[in-house]
Amino acid sequence: MYIRCTTTRTKATGETYKTFRLVESERIDGKVKQRTLLNLGRFFDVPKSQWKSLSSRIDQLLTAQTDWLTIDLEESLETRAQYYATQIITSRSTTLDDSVHFETVDIGSLELVRPRRVGVEQIALHAVRQLTLDDKLKSLGFNQYQLAASLGTIIARMACPASELATHGWLQTTSGLGELIDYDFEDMGLDRLYQVSDQLWKHREAIETHLYQQERDLFSFSETITLYDLTNTFFEGEAKTNPAAQRGRSKEKRSGFPRKSQIFPGNASEPQTLQTILEGLEGRTGSTVILDAGIASEENIQYLIEHGFHYIVVSRKRKRDFDEEKATLIKDIPGQRVKVQKVTVEETGEIELYCHSQLREKKEQAMQDSFSEKYETALNSLHAGLSKKGTTKNYTKVLERLGRIKEKYARAAQHYEVTVVPDDEGDKANSISWKRVEKANSQATHPGVYCLRTNLTDWNEETLWRTYTMLTDLESVFRSLKSELGLRPIYHRKEERVNGHIFITLIAYHLVQTLRYQLKAEHINDSWQTIRRTMENQQRITVILRREDGKTIHLRKATNAEPRQSVIYKALEISAQPGGVKKTLI
């Protein structure tokens, strides 16, 4: 086995160029002939002084000569030797059927090489094919290289969300996705991932429409309710070249399928985004829109009414009313009970639904206690300072400090009456006293109470409340996008690259929800993070054994699925042996 260089002249221009091949000599009918094992291309750049070592190492890898002294190459050359050996083995492999195969082998020659993860990749590809995403991309003009790069970057976002650079490394050295789609990611440049990100964003509307239609057809659901909310992401650095990277309010404190997405600048006003997105959705008259308080402005509610939408929104009114005697119990779980009181507003004809949640009461009470404790600690500190040397005692200054404390702890301060007693001259403060006087119809007097507004006058209390709680599913979507699918942080600076990054995450979420929807039907309610962790340790691996006649067997197959993995494969009705079994005899 050796490397051969051939000089070729082009017919059109007469220009010469060199090509490189890995060849071996063999005797056929008494004559020695050369057989090409692998074309190395025109851009083979290994120095000629290393050709012999490289070809000898490839021969070792092919024939499993472990009893010989292993040729020691530098890392880059060893990586190339293993890559070329793998290409040769793959090109000669055949798929084994289910029949019985017996071979006499040397057990001492056993080697296990080239482990690659395939569990997450297998179920992700299943979702791709169920939604015919690959066919859609082909119809949009994606060639085989662009299609492979697209599937690579989307599935990587599902399996191991990271930057394009890290994704490129993951596809080349960790994942077996290339084997499952018959594409060599080790031969793919990093630039292709950036280019395909731009290409996916260019076709965003067509892809979103296709995915949503496929989900409707696959799961036979109809669109009757639109959930609308906003989330955010953030940049590493200032991203000065991206006009959408504006400073805005953090939304850190805030199961269905995505219908439409829109990217707004960071400083966009929440209420002003609703009309834009609903026009993009082309929502049908009579559809129901669910909004949280941040978006449920009077202007937006009027817009919904004028355009024939039904709505359920969180009321912005601060006054909390709730009459437990007139309330209906709609959730009867100890510690999680929910009661609601339905009230008709005579002036507007709207329904107000006052809801009381035990879980929410517990949370809000704990928050109130924490704020009150901090507020009283600050008041105590201010009062104690009046009798200490070197602290402010000037009456006006003390009032100013008190004002800053009230501003800092405004949620607690509204429930206190504070008195600052001056001395006889009125120049200095003698003491500070306070007492708690809870503001009527507030969170303090009605912890756990919130109000919903709706124009669905014929729905009963339970239906209204349970429909509204679907909005919490949307919030879990945002958590999944951020924590499980790498929506943030964003390392790009160019606007189109940022848009592409976000859109790839949304495509990945479509695939994740397609899988989880089917798993839930089989009572598997795990988060995507749990499913991913369950599947990620299944690998394809090559088993190498030397046969009695001196030839070498290379068997490429996946490890057997573990019990929990088998449950997931069975629920999805797909093979638990990603890639099948490939045999190569050398």
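Calculation criteria
Each chain carries its own residue numbering, running from 1 in the written order of its sequence. Owing to the predicted nature of the model, reporting of local features is limited to residues with pLDDT of at least 70; listing and counting of side-chain atom pairs is limited to 80 or more, with chain, interface and lining totals taken over all residues. Side-chain metrics in this entry use all non-hydrogen atoms of the structure; hydrogen atoms and water are not considered. The helix and strand labels rest on DSSP assignments: H or I over at least four residues marks a helix, E over at least two residues marks a strand, and numbering proceeds from the N terminus. Helix span is expected to be 1.5 Å times the residue number reduced by one. Burial status follows relative accessibility: with a 1.4 Å probe on protein chains alone, a residue under 20% of its type maximum counts as buried, one over 50% as exposed, and anything between as partly exposed. Ring pairs are drawn from Phe, Tyr and Trp, using the six-membered ring of Trp, whenever the two centres fall within 6.5 Å, and their geometry is named by plane angle: stacked under 30 degrees, edge-to-face over 60, tilted for the rest. The rule for a charge over a ring is simple: NZ of Lys or CZ of Arg within 6 Å of the ring centre, and within 35 degrees of the ring normal. For two strands to count as paired, DSSP must find a minimum of two bridges between them. Handedness of a crossover: with both strands directed away from the viewer, a clockwise path from the first strand across the helix to the second marks it as right-handed. Fitting a line to C-alpha atoms yields each axis, with helices limited to the stretch in contact; the angle taken between N-to-C directions then spans 0 to 180 degrees. Two residues form a contact once any of their heavy atoms are found within 4.5 Å.

**Q** So what exactly am I meant to see when it comes to helix α3 (residues 119-130) here?
**A** Because each turn of an α-helix spans 3.6 residues, side chains separated by three or four positions in sequence point in the same direction. Taking 1.5 Å per residue, 12 residues should reach 16 Å; α3 reaches 17 Å between its end C-alpha atoms and fits that length. By the criterion of burial, α3 is predominantly enclosed, with 10 of the 12 residues buried. When we look at burial in α3, the residues that qualify are Gly 119, Val 120, Glu 121, Gln 122, Ile 123, Ala 124, Leu 125, His 126, Ala 127 and Val 128. One or two positions beyond α3, positive phi appears at Thr 132, with a value near 50°.

**Q** What am I meant to see in the packing of aromatic side chains here?
**A** Pairs of aromatic rings are described using the distance from one ring centre to the other and the angle between the two planes. In total, this model carries 11 aromatic pairs according to the counting rule given. Aromatic pair Phe 44 and Tyr 84: ring centres 6.5 Å apart, planes at 45°, arrangement tilted. Placement of Phe 44 in the loop between β3 (31-41) and α1 (51-63) and of Tyr 84 in helix α2 (residues 75-92) is noted, with a sequence separation of 40 residues between them. Since its relative accessible area comes to 7%, Phe 44 is described here as buried. Considering the side-chain rings of Tyr 375 and Tyr 416, the 5.1 Å spacing of their centres and the 65° angle between planes classify their relative orientation as edge-to-face. Of this pair, Tyr 375 sits in helix α12 (residues 358-384) while Tyr 416 sits in strand β12 (residues 416-422), and the two are 41 residues apart along the sequence. Through a chain of ring-to-ring contacts, the aromatic side chains of Phe 20, Phe 44, Trp 51, Tyr 83 and Tyr 84 assemble into a single cluster. Sitting over the face of the ring of Tyr 17, Arg 42 holds its NZ or CZ atom 4.2 Å from the ring centroid.

**Q** Help me understand the pairing of strand β8 (residues 310-314), please; the structure alone is not making it clear to me.
**A** Working note: regular strand, side chains alternate between the two faces of the sheet. In terms of burial, β8 is a largely internal element, four of the five residues being buried. Two elements, strand β7 (residues 288-291) and β8, share four bridges in a ladder whose sense is parallel. Directly across from Ile 290, in β8, lies its bridge partner Ile 312. Between the parallel pair β7 and β8, the chain is carried across by helix α11 (residues 298-306), and the sense of this crossover is right-handed.

**Q** Hey, could you run me through the sheet that holds strand β2 (residues 16-28) in this one?
**A** Neighbouring strands of a sheet are bound in pairs by backbone hydrogen bonds; such pairs are parallel or else antiparallel. Taken together, three strands build an open sheet; the order of strands is β1-β2-β3 and the sheet is antiparallel. In the strand order of this sheet, the two ends are held by β1 (2-9) and β3, each with one partner. Ignoring which end each strand starts from, the neighbouring axes of this sheet average 45° apart. As judged from the nine bridges shared by β2 and β3, these two strands associate in the antiparallel manner. Paired with Arg 27 across the bridge in β3 is Val 32. Packing against the sheet, α1 makes contact with β1 and β2, and its axis sits at approximately 120° to β1.

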